[in-house]
Amino acid sequence: MADKLVADKHLRYILNLMAEKKKESFESVVMDHLRMNGAYWGLTTLALLDKLGSVSEDEVVSWVMTCQHESGGFAGNTGHDPHVLYTLSAVQILALFDKLNILDVEKVSNYIAGLQNEDGSFSGDIWGEVDTRFSYIAICCLSILKCLDKINVKKAVDYIVSCKNLDGGFGCSPGAESHAGQIFCCVGALAITGNLHRVDKDLLGWWLCERQDYESGGLNGRPEKLPDVCYSWWVLSSLIMIDRVHWIEKAKLVKFILDSQDMDNGGISDRPSYTVDIFHTYFGVAGLSLLEYPGVKTIDPAYALPVHVINRILFTK
Amino acid sequence: MHGRKREEDPNPEETAAKALELRSLQSQFMSNHHQKIYTKEAIQLSAKLLITNPEFYTAWNYRKLAFESRLDEDSDTSVVNSIIDEELGVVKNALERNIKSYGAWYHRKWVLSRKGHYYPSLENELQLLNDYQKQANQKQDDEKQDDPSRNFHAWNYRRFVVELTKTSKEDELQYTTDMISDISFTIYSAWHYRSVLVSSLVAKKADGFMPKETIRRELDYVHSAIFTLEEKQSGWFYYLWLLDQTVKMETPLRFSSWPSDGSIIILSGPDCFNASSSTTKLTTFCSESGSFPLILYFDQAVSGVSSSTVTIDSELKDLVWEPVSDKKNSQVDSCVWVARLKCDSREPCFSRKETKVKVSLGGIVSSMGCNLTAPYEFVFTLRIHDTLEGESSQQESIVSWTDDLDNWDDDALSNDLHSFIAFKADTGFEWRKKAIKIEIEHFRTLPDSKIGKLILARLLMAEETMIANGVHYKEILQLYNDLMALDSWHAQYYKDEHSVALIHKVTSRTESMSRHLFRYRSMNNIVCLRLNNLTLSRIAAVEKLLFVQMLDLSHNEFHSAEGLEAMQLLCCLNLSHNRIRSFSALNSLRHLKQLRVLDVSHNHICGELPVDTTRYLCSSPLSNSGETGREVPNKYQDAYLVLRDLMKLKQLDIRGNDLIFAGEEFSSFVRHVVPKLVWLDGHKHTS
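Just so it is clear, the model here is predicted, and its values are computed rather than measured.

Novice: Explain the overall build of chain A here, please?
Specialist: Looking only at helices and strands, chain A features 14 helices and 2 strands. Relative to a compact globule of 317 residues, whose C-alpha radius of gyration would be 20 Å, chain A shows 19 Å and is just as compact. Taken along its principal axes, the extent of the C-alpha atoms in chain A is 50 × 50 × 40 Å. Sorting the 317 residues of chain A into buried and exposed places 69% on the buried side. Sequence-distant contacts in chain A: of pairs separated by 6 or more residues, those separated by 24 or more amount to 67%.

Novice: Please explain the state of the cysteines as it appears in this structure.
Specialist: By definition, a disulfide links two cysteine residues through a covalent bond between their sulfur atoms. All names here are of chain A. Using the criterion set out here, one finds 0 disulfides over all chains in the structure. In this structure Cys67 is not part of a disulfide, and its nearest cysteine sulfur, from Cys141, lies 15 Å away. According to the relative accessible area criterion, Cys67 is buried, its value standing at 3%. No disulfide involves Cys209; its nearest neighbouring cysteine sulfur is the one of Cys230, lying 19 Å away. On the accessibility criterion, Cys209 (0% relative accessible area) is buried.

Novice: What should I look at first to understand the environment of B:Ala203 in this one?
Specialist: Residues and elements named next belong to chain B. Here Ala203 shows up in helix H9 (residues 188–203). You can call Ala203 exposed: its relative accessible area is 54%. For the pair Ala203 and Met249, spaced 46 residues apart in sequence, the C-alpha to C-alpha distance is 9.4 Å.

Novice: Hey, could you run me through the sheet that holds strand S3 (residues 284–286) of chain B in this one?
Specialist: Strand pairing within a sheet occurs via backbone hydrogen bonds; the two strands may be parallel or antiparallel. Residue and element names in this part refer to chain B. The 5 strands are arranged S3-S2-S9-S8-S5 in an open sheet whose pairing can be described as mixed. Where the open sheet ends on each side, the last strands, each with one partner, are S3 and strand S5 (310–313). Averaged over neighbouring strand pairs, the angle between their axes works out to 30° when direction is ignored.

Novice: What should I look at first to understand the packing of aromatic side chains in this one?
Specialist: Both the distance between ring centres and the angle between the ring planes are used here to describe each pair of aromatic rings. Considering all chains together, one arrives at 44 aromatic pairs over all chains under this definition. Each ring, one from A:Trp234 and one from A:Phe283, has its centre 4.9 Å from the other, and the planes form 50°; the classification is tilted. Of this pair, A:Trp234 sits in helix H11 (residues 231–241) while A:Phe283 sits in helix H13 (residues 278–290), and the two are 49 residues apart along the sequence. The pair formed by A:Trp234 and A:Phe283 is uniform in burial state, with each residue classed as buried. Look at B:Tyr38 and B:Tyr62: their rings are 5.4 Å apart centre to centre, the planes differ by 45°, and that puts the pair in the tilted class. Linking B:Tyr38 in the loop between helix H1 (12–34) and helix H2 (40–52) with B:Tyr62 in helix H3 (residues 57–73), this pair joins segments that are 24 residues apart in sequence. With a relative accessible area of 0%, B:Tyr62 lands in the buried category. Taken together, the ring pairs connect A:Tyr40, A:Trp41, A:Tyr136, A:Phe184, A:Tyr231, A:Trp233, A:Trp234, A:Phe279, A:Tyr282 and A:Phe283 into an aromatic cluster. Lying over the aromatic face of A:Tyr274, A:Arg271 brings its terminal NZ or CZ to 5.2 Å of the ring centre. A cation sits over an aromatic face here: B:Arg114 above B:Trp110, 4.0 Å from the ring centre.

Novice: Hey, could you run me through the sheet that holds strand S14 (residues 572–574) of chain B in this one?
Specialist: All names here are of chain B. Reading across the sheet, the 9 strands line up as S10-S11-S12-S13-S14-S15-S16-S17-S18 and stay open at both edges, with mixed pairing between neighbours. One side of each edge strand has no neighbouring strand; the edge strands of this open sheet are strand S10 (405–407) and strand S18 (683–684). The sheet contact formed by strand S13 (residues 550–552) and S14 spans 3 bridges and is parallel. Bridge pairing links Leu551 to Leu573 in S14.

Novice: Quick question: what am I supposed to make of the interface of chain B and chain A here?
Specialist: Quite often, the size of an interface is put as the accessible area lost when its parts meet. Contacts between the two partners involve 81 residues from chain B, matched on the other side by 100 residues from chain A. Summed over both partners, the interface of chain B with chain A buries about 8000 Å², with 55% contributed by carbon and sulfur atoms. Linking chain B with chain A are 6 salt bridges. Notably, a salt bridge pairs B:Arg538 with A:Asp202, separated by 2.9 Å at the nearest N-O pair. In this assembly, chain B and chain A are joined by 45 residue pairs in polar contact (both at pLDDT 80 or more). Broken down by secondary-structure element, the contributors of at least two residues to the side of chain B that touches chain A are H1, H3, helix H5 (102–112), helix H7 (152–165), H9, helix H11 (234–248), helix H14 (450–467) and helix H16 (491–506) of chain B. Residue composition of the side of chain B that touches chain A, by class: 28 nonpolar, 28 polar and 25 charged.

Novice: Would you mind showing me how to read unusual backbone geometry here?
Specialist: Outside of glycine, negative phi angles account for most residues, and trans bonds account for most peptide bonds. Residues and elements named next belong to chain B. Of the consecutive residues Trp258 and Pro259, the connecting peptide bond is found in the cis state with omega at -5°. Counting through the fold element by element, Pro259 comes out in the loop between strand S1 (255–258) and strand S2 (264–268). Although it is not a glycine, Lys166 adopts a positive phi angle of roughly 55°. Summarising the element assignment, Lys166 is placed in the loop between H7 and helix H8 (169–183). Unusually for a residue other than glycine, Ala541 sits at a positive phi of about 55°.

Novice: Mind showing me how you'd approach H11(B) here?
Specialist: Residue and element names in this part refer to chain B. For H11, spanning 15 residues, the distance from its first C-alpha to its last is 22 Å, which sits close to the expected 21 Å at 1.5 Å a residue. H11 sits mainly inside the fold: 13 of its 15 residues count as buried. Residue Glu250 follows H11 closely and has a positive phi angle near 55°.

Novice: What's the story with the environment of B:Gln594 in this structure? I'm lost.
Specialist: All names here are of chain B. Locating Gln594 in the fold gives a position in the loop between S14 and strand S15 (597–599). Placed 22 residues apart in sequence, Gln594 and Cys572 show a C-alpha to C-alpha distance of 8.5 Å. Ignoring any residue separated from it by four or fewer positions in sequence, one finds Gln594 in contact with Phe285, Pro293, Arg340, Gln568, Leu569, Leu570, Cys571 and Lys648.

Novice: So what exactly am I meant to see when it comes to the pairing of strand S11 (residues 517–520) of chain B here?
Specialist: The side chains of a regular strand alternate between both faces of the sheet. All names here are of chain B. Side-chain alternation along S11 places Leu517 and Arg519 on one buried face and Phe518 and Tyr520 on a second face that is also buried. Sheet topology places S10 next to S11; 3 bridges connect them, and they run antiparallel. What sits directly across from Asp406, in S11, is Arg519. Relative to strand S12 (residues 526–530), S11 runs antiparallel, the two being bridged by 4 bridges.

Novice: Which parts of the structure should I look at to understand H2(B)?
Specialist: Think of an α-helix as turning once every 3.6 residues; residues three or four places apart then point the same way. Helix length check: H2(B), at 13 residues, gives a terminal C-alpha distance of 19 Å against a target of 18 Å (1.5 Å per residue), a fit within 8%. Buried within H2(B) are the following residues: B:Ala42, B:Ile43, B:Leu45, B:Ser46, B:Ala47, B:Leu49 and B:Leu50.

Novice: What is the right way to look at the pattern of salt bridges in this model?
Specialist: Think of it this way: side chains of opposite charge can pair up when their charged atoms draw near. Going through the model one piece at a time under the given rule, you end up with 47 salt bridges over all chains. The partner of A:Glu177 in a salt bridge is B:Arg150, and the shortest N-O contact between them spans 2.9 Å. Of the two residues, A:Glu177 is situated in the loop between helix H8 (153–161) and helix H9 (180–192) and B:Arg150 in the loop between helix H6 (122–133) and H7; the pairing between them involves two chains. A:Glu177 sits in the buried class, given a relative accessible area of 8%. One network of salt bridges, with partners in common, ties together A:Asp202, A:Arg244, B:Arg538 and B:Glu562.

Novice: Explanation requested: the packing of H14(B) against helix H15 (residues 473–486) of chain B in the structure shown.
Specialist: When two helices pack together, their arrangement is captured by the angle between the axes and the distance separating the axes. Residues and elements named next belong to chain B. At a closest axis distance of 9 Å, the pairing of H14 and H15 adopts a crossing angle of 155°. By the angle class used here, H14 and H15 are roughly antiparallel. As H14 packs across H15, the resulting crossing turns out to be left-handed. Contacts between H14 and H15 pair Lys450, Lys453, Leu454, Leu456, Ala457, Leu460, Met461 and Glu464 from the former with Tyr473, Glu475, Ile476, Leu479, Tyr480, Asp482, Leu483 and Leu486 from the latter. Taken together, the residues of the contact of H14 with H15 sort by class into 11 nonpolar, no polar and 5 charged.

Novice: How do you make sense of the pairing of strand S9 (residues 376–385) of chain B when you look at a structure like this?
Specialist: Residue and element names in this part refer to chain B. Where S2 meets S9, 5 bridges bridge the pair, whose relative direction is parallel. Bridging across to S9, Leu267 finds its partner in Ile384. Inspection of the sheet shows strand S8 (residues 354–361) paired to S9 by 8 bridges, in the antiparallel sense. Counterpart to Ser360 in the pairing with S9 is Glu377.

Novice: Sorry if this is basic, but what is going on with the packing of H11(B) against helix H13 (residues 430–444) of chain B here?
Specialist: All names here are of chain B. Running from N to C, H11 and H13 cross one another at 150°; their axes reach a closest spacing of 9 Å. It follows that H11 is roughly antiparallel to H13 by the angle criterion. Along the contact surface, H11 presents Tyr239, Leu243, Gln245, Thr246, Val247 and Lys248, while H13 presents Trp431, Arg432, Ala435, Ile436, Glu439 and Phe443. For the contact of H11 with H13, a count of residues per class yields 7 nonpolar, 2 polar and 3 charged.

Scoring rules and cut-offs
Residues numbered from 1 in each chain as written. Chains lettered and ligands numbered in written order. Predicted model: local features only at pLDDT ≥ 70, side-chain atom pairs only at ≥ 80, totals over all residues. Heavy atoms only, no water. Helix = DSSP H or I, 4+ residues; strand = E, 2+ residues; numbered from the N terminus. Rg over C-alpha atoms; globule rule 2.2 N^0.38 Å. Buried < 20%, exposed > 50% of the residue type's maximum accessible area, 1.4 Å probe, protein only. Contact = heavy atoms within 4.5 Å. Disulfide = S-S within 2.5 Å. Pairing = 2+ DSSP bridges. Axes fitted to C-alpha atoms, helices over the stretch in contact; angles between N-to-C directions. Phe/Tyr/Trp six-rings, centres within 6.5 Å; stacked < 30°, edge-to-face > 60°. Lys NZ or Arg CZ within 6 Å of the ring centre and 35° of its normal. Buried area = accessible area lost by both parts, 1.4 Å probe. Salt bridge = Lys/Arg side-chain N within 4 Å of Asp/Glu carboxyl O. Polar contact = N/O pair within 3.5 Å; in protein donor to acceptor, adjacent residues only side chain to side chain. Nonpolar A, V, L, I, M, F, W, Y, C, P; charged D, E, K, R; others polar. Expected span 1.5 Å × (residues − 1). Parallel < 35°, antiparallel > 145°, perpendicular 65-115°, else oblique. Left-handed = near helix turned anticlockwise from the far one by under 90°.

Printed below as a string of structure tokens:
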């Protein structure tokens, strides 16, 4: 059982993943298409541990730019098709390095704005899949780029609210079941557009606090499911945005995350004794950040970037 | 990425070979894609790739391009159908590899949505789904993550097919019954879907789906799920939703107002706080500028409150209605709306000392589609006392929260008070009350358990909102105390609910209310509500407290001022000795335009909070709200955003918080932002 965060081990785990030699492992090849997300998870974790300087900024930034398509959107890796999922990660990575100025903001924002549909929803790419994840991505990304007025915010918000369910939560589309990941996206989008009054904070807050498992202290994503470290982010950030985080038992959640670390090789897994990956490493550290764990910088619950980064972007003219 | 136990790779060479093979497949594919090659071989290669790695999203895009290019060449129906068959085959294989692949599910949807092609085996899709979803899951707990009945992709796809095939909602409702009763009571997805179907059938007034019969049927149905498998959550959430619907489904909107129906409001001029008067009224309002607020509080958020939906029958000028929220336009949904009536003494109606004002509401709809039983109206009387114009002639003394407070023992008070705290119960509630009564009886027979107690507490609160006789509160408070002990992890949640019940208890009857009401002699006996030292963590029942002008919430456990924005008449507020950690937590106070005295001393207000839980509940650049063009200082930003709107603030106490608020720098900052401030931290300021 762990009693502390082995930050140095996680640092080495992440740097190894990003280094050349790991590129041809089976796991790396099979995740090739979402390297942009992986880079965002790894780099944000480094930033939260105040170790962003350990990577070559130029190398990362130039690779990110090779993933930009002529449409303005970014792909998951060089050669792949563009999609909003990777466009947000690309913009977030550039934000971490304070390099948003290299972007053709007009181009990127037009790509995203062009994906809004008549009913206010957003498609992920030209192929038309609609999901409230994409609503969050569009709103978050355009807000960082200070171009939120390029979309119809009212319709975007109304569409999100139409996805509200009996339990106060949100699904991926109207009528879809509540899921903590979708809830984070919808609550985050409503937070960024100043519309949290459209959330029933008590109803949702109670559903969210009931995600905590009495045995392990971890959080699950919906009723009757297993606890998973990634929900330490999605459930926790949602609770924080609606000011109901005092309804969970924080100390037990910290313990669950710490117990999910690989104390020898670094990295964090979905639950104790399971395989680690960069995704859960990021969500574990981000969760600890929201739980005010010492030595971890504060992360913003809506933008999923360190607070000092988002403040730097949005509080200066 | 999920659900793999940590263990050594037993066969690293095989894994390395697989990696090389996949890499080669991916490279060849990319080459075909970039060169737009859609030969049979190329298309087969993409299928091979997707079956190995269904997450390789670019390949799904490629297949859509290939599909379109093949359709261009041939419009023969049988050929089209065989092409569709091929796509569905690839999706099926990909799903066998990863049943949760977004790309695979969407591709199936995309293919079957192509306009102009009706795929004859569409009905098949529903059958395929039924077979998949109903697989009895014999796997261990560890593999709960692959439970077909909880796969949300399948349920979403089901809704897509249902719409395409125009399957009836009644049939789908039966399907959820089959899933729940035959497969498992714990299929949350099925309960969720049920709630969607039931709401829709009631809303369109389908046969056999009137609110009363539907609620009764559903309550009986869900009893089996709750009573047999108490520790499993799925049924409880559906049950609690039903309880909520029992009270709210198709009920008319309710509201309370200040002034309230039948009340007499005495408008007193700017010297009113200094005057001493032997006659005191609950309903005196001190007006410095001759204006007073007309407040409407709805039990659901509404939009569209304006001078066309709310008409005033008097010579008072056209009113501008504003929602009490950070956003100010008329399309905003808000529970609280305010208009300021200005009494210009030159107007003919004010040469008289008394005016009757009739307010009529109509055409207001809540965001949930509930209407007022329109038209609704209320009448109040305005009495003008003294001249209303002009500035106050005397300096005001510092307000103390402990001296000069007398009990209110005026008998005449009861009538006034009653008009404020009686929240009119609606007719047509009979079946609802009966339904709740039956449920309460059921839950009383359950043995002690967390969920049993919680549901009973909620049922008793629901009965109180409909009957409002105050008998249940003692029991409700005991239930929450029991829950705090039984389920300590959620203690703060039960504490919040306990506070809500406690305040409702106090405000349920004039006898209990008057024990907490005092008059503050030094301000012409304005009415002070004292709710200090009650371990309160949140405010409640504000619809009954709209008349309160002085409020003492000190020595409690508030961490936020959320909810106080509705109390538009508040001029003195004491939040000292609570648990406030930031100015952003006091954001609601920005809306209290009458506030003259504010005490937030002895809290935990920090300069910079590591994790600010109220950050997104206020206006700021982070939430793309707040007015641009106003200079926001770097330091004390949070304090600035709250204080700058309190134009009438004369007295502020912030002692006993972070030291940054104790120095000369902060006091000169405050003097700059709040020009009318006279008293800071107990000391008089001279400008």
